[in-house]
Amino acid sequence: MKTVAFFDTKSYDRESFGKFSDSNIKIRFFENKLNIDTVSMAKNYDAVCVFVNDSIDSHVVSELEKMGVGHIALRCSGYNNVDLKAAKGKIRITRVPSYSPYAIAEHAMGMILTLNRKLHRAYIRTRDHNFSLEGLTGFDLHGKTVGIIGTGKIGCAMAEICRGFGMKVLGFDPYTNSLFCGENTSLEALFSQSDIISLHCPLNKENYKLINKNTLEKCKDGVFIINTSRGKLVDTADLIAAIKTGKVGAAGLDVYEEETELFFEDYSDEIIHDDTLSTLISMPNVIVTSHQAFLTREALNAIAETTMKNLKDYFDGKELKNEICI
Ligand code: NAI
């Protein structure tokens, strides 16, 4: 019997992984995130399974290796939270490259519709028997231009949705994707022509804080910024400054630079000591969701199925199709 320690798990993880259990793999679900303070919990396990806000830095990698943990199964597609250099040749790493691009793209469009038509404000108003329409004016998406940064699986799904709304779709990606239904363009052109910019690229050294003071200055006045990718693609202080001047008309953020300690947890009875996040949340033209774009039944099932297959293939000594850091 092989054993796997699952970190940062919630009820929905336990439910979806329960459907794809394997009689030869014993799972222990922990609520704790994996980091240097909790890595000792992985002792006596053959593998660990982690999510987006677990921190697998060089120290954690070194501790896992010492304990004989041979495999890190990421139950997500992004891997910016893993020190790949440190893990290379020591621990095998797999991920779930694709589970439901529609889940994330649909959430991004949901944020655009909510922000533009101010549904979040209308919902609160009518609950308070306030039936005034003052301040709720939006614009037609039809005929507007959306700029998609990263035209991979999610970017393509987003492009299709936007096309369905009659929008002009621009895309920037260092690699051209023949499945992308929009027009490939330069980053400069995308910034200057887009009414809405939606981020769908992974976080890497080249695009760290891609949305910043300088790039926002190149954008149209009132541009919407939608980020369902990774928080550190956006310089949050610069974004807030641009929202205050009106340069940015609205922001939909499913991810946040400093989300690690906050997102996925309930702090509703506590004071949040993150003034930047508090400022964002207080703004009427900003929506923050806590990294929930992936959270559909279809995506959860696909994540569980692929992760269990990655673990089984590793334990059976088979080729690891979804291995990274080879
Ligand atoms: P993908 O690998 O299919 O596509 C990513 C695309 O971004 C690739 O075409 C790549 O060439 C491009 N890219 C890389 N660097 C770039 C740059 N500097 N500028 C522009 N494009 C660049 O990945 P997929 O499945 O579409 O996922 C995209 C991202 O979405 C993930 O890396 C992850 O960060 C995020 N994500 C967020 C989720 C959420 O729940 N909020 C869930 C799943 C993914």
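Keep in mind that what you see is a predicted model, and the values were worked out from it rather than measured. (Residues numbered from 1 in each chain as written. Predicted model: local features only at pLDDT ≥ 70, side-chain atom pairs only at ≥ 80, totals over all residues. Heavy atoms only, no water.)

Some words on the pairing of strand β7 (residues 168-172)
One ladder, built from 5 bridges, connects strand β6 (residues 145-149) with β7; its direction is parallel. When the sheet's bridge partners are listed, Ile148 is paired in β7 with Gly171. Chirality of the crossover, the property in question, places the unit of β6, helix α6 (residues 153-164) and β7 among those that are right-handed. Alignment of β7 against strand β8 (residues 183-184), held across 2 bridges, turns out to be parallel. Directly across from Leu170, in β8, lies its bridge partner Glu183. (Pairing = 2+ DSSP bridges. Helix = DSSP H or I, 4+ residues; strand = E, 2+ residues; numbered from the N terminus. Right-handed = clockwise from strand over helix to strand, strands pointing away.)

Quick look at the environment of Met283
Locating Met283 in the fold gives a position in the loop between α10 (275-282) and β12 (286-288). Take Met283: its relative accessible area is 11%, and that puts it in the buried class. Met283 sits 17 residues away from Leu300 along the chain, and the two C-alpha atoms are 31 Å apart. Leaving out residues up to four positions away in the same chain, Met283 has contacts with Ile240, Ile243 and Lys244. (Buried < 20%, exposed > 50% of the residue type's maximum accessible area, 1.4 Å probe, protein only. Contact = heavy atoms within 4.5 Å.)

So, the packing of aromatic side chains
One pass over the structure, following the stated rule, counts 9 aromatic pairs. Following the ring pairs from residue to residue traces out a cluster consisting of Phe6, Phe17 and Phe29. (Phe/Tyr/Trp six-rings, centres within 6.5 Å; stacked < 30°, edge-to-face > 60°.)

Here we look at the site of the ligand
In the vicinity of the ligand lie 24 residues, with Tyr99, Lys153, Ile154, Asp173 and Thr228 positioned nearest. Take Asn207: an N or O atom from its side chain is 3.3 Å from a nitrogen atom of the ligand. Here the shell around the ligand is composed, by residue class, of 11 nonpolar, 9 polar and 4 charged. (Near = heavy atom within 4 Å. Polar contact = N/O pair within 3.5 Å; in protein donor to acceptor, adjacent residues only side chain to side chain. Nonpolar A, V, L, I, M, F, W, Y, C, P; charged D, E, K, R; others polar.)

Looking at the sheet that holds strand β1 (residues 2-6)
Strand order in the open sheet formed by 6 strands is β2-β1-β3-β4-β5-β13, and the pairing between neighbours is mixed. Of all strands in the sheet, those bounded by a partner on one side alone are β2 (25-29) and β13 (323-324). Where β1 meets β2, 5 bridges bridge the pair, whose relative direction is parallel. Counterpart to Lys2 in the pairing with β2 is Ile25.

Structural notes on the domain arrangement of the protein
The figure often quoted for interface size is the accessible area lost as the parts come together. The domains assigned to the protein are domain 1 (2-99 + 297-325) and domain 2 (101-288). Placing a centre on the C-alpha atoms of domain 1 and another on those of domain 2 gives a separation of 30 Å. Counting residues at the interface gives 13 residues for domain 1, matched by 11 residues for domain 2. The junction of domain 1 with domain 2 conceals about 1,000 Å² of combined surface from both sides, 51% of it contributed by carbon and sulfur atoms. Linking domain 1 to domain 2 there are 2 salt bridges. For the pair domain 1 and domain 2, the number of links is 5 residue pairs in polar contact (both at pLDDT 80 or more). Of the residues belonging to the side of domain 1 that touches domain 2, the class tally is 6 nonpolar, 4 polar and 3 charged. (Domains from an automatic or database assignment. Buried area = accessible area lost by both parts, 1.4 Å probe. Salt bridge = Lys/Arg side-chain N within 4 Å of Asp/Glu carboxyl O.)

Observations concerning the nonpolar core
Ranked by size, the top nonpolar core spans 78 residues in total, and within it Leu34, Val48, Leu64, Ile149, Ile197 and Leu311 carry the most contacts. Looking at this core element by element, the count peaks at 8 residues for helix α11 (residues 297-315). For this core, the two domains that each supply at least three residues are domain 1 (2-99 + 297-325) and domain 2 (101-288). Leave out the neighbours within four places in its chain, and Ile197 touches Gly147, Ile149, Leu190, Phe191, Cys219, Val223, Phe224, Ile225 and Ile226. Grouped together as the second largest cluster of nonpolar side chains are 22 residues, Ile112, Ala159, Cys162 and Ile196 included. (Core = buried A, V, L, I, M, F, W, Y, C linked by side-chain atoms within 4.5 Å.)

As for unusual backbone geometry
Positive phi is not limited to glycine here, since Asn44 has a value of about 75°. With respect to the secondary-structure elements, Asn44 resides in the loop between β2 and β3 (47-50). Exposure remark for Asn44: the relative accessible area of 67% places this residue in the exposed category.

A short note on the sheet that holds strand β11 (residues 248-253)
Ordered in space as β8-β7-β6-β9-β10-β11-β12, the 7 strands form an open sheet in which the pairing is parallel. This sheet does not close on itself; its edge strands, each paired only once, are β8 and β12. Across 4 bridges, β6 lies against strand β9 (residues 196-199) in parallel orientation. Directly across from Ile148, in β9, lies its bridge partner Ser198. Along the sheet face, helix α4 (residues 101-117) touches β9, β10 (223-227), β11 and β12 and points at about 145° away from the line of β10. (Axes fitted to C-alpha atoms, helices over the stretch in contact; angles between N-to-C directions.)

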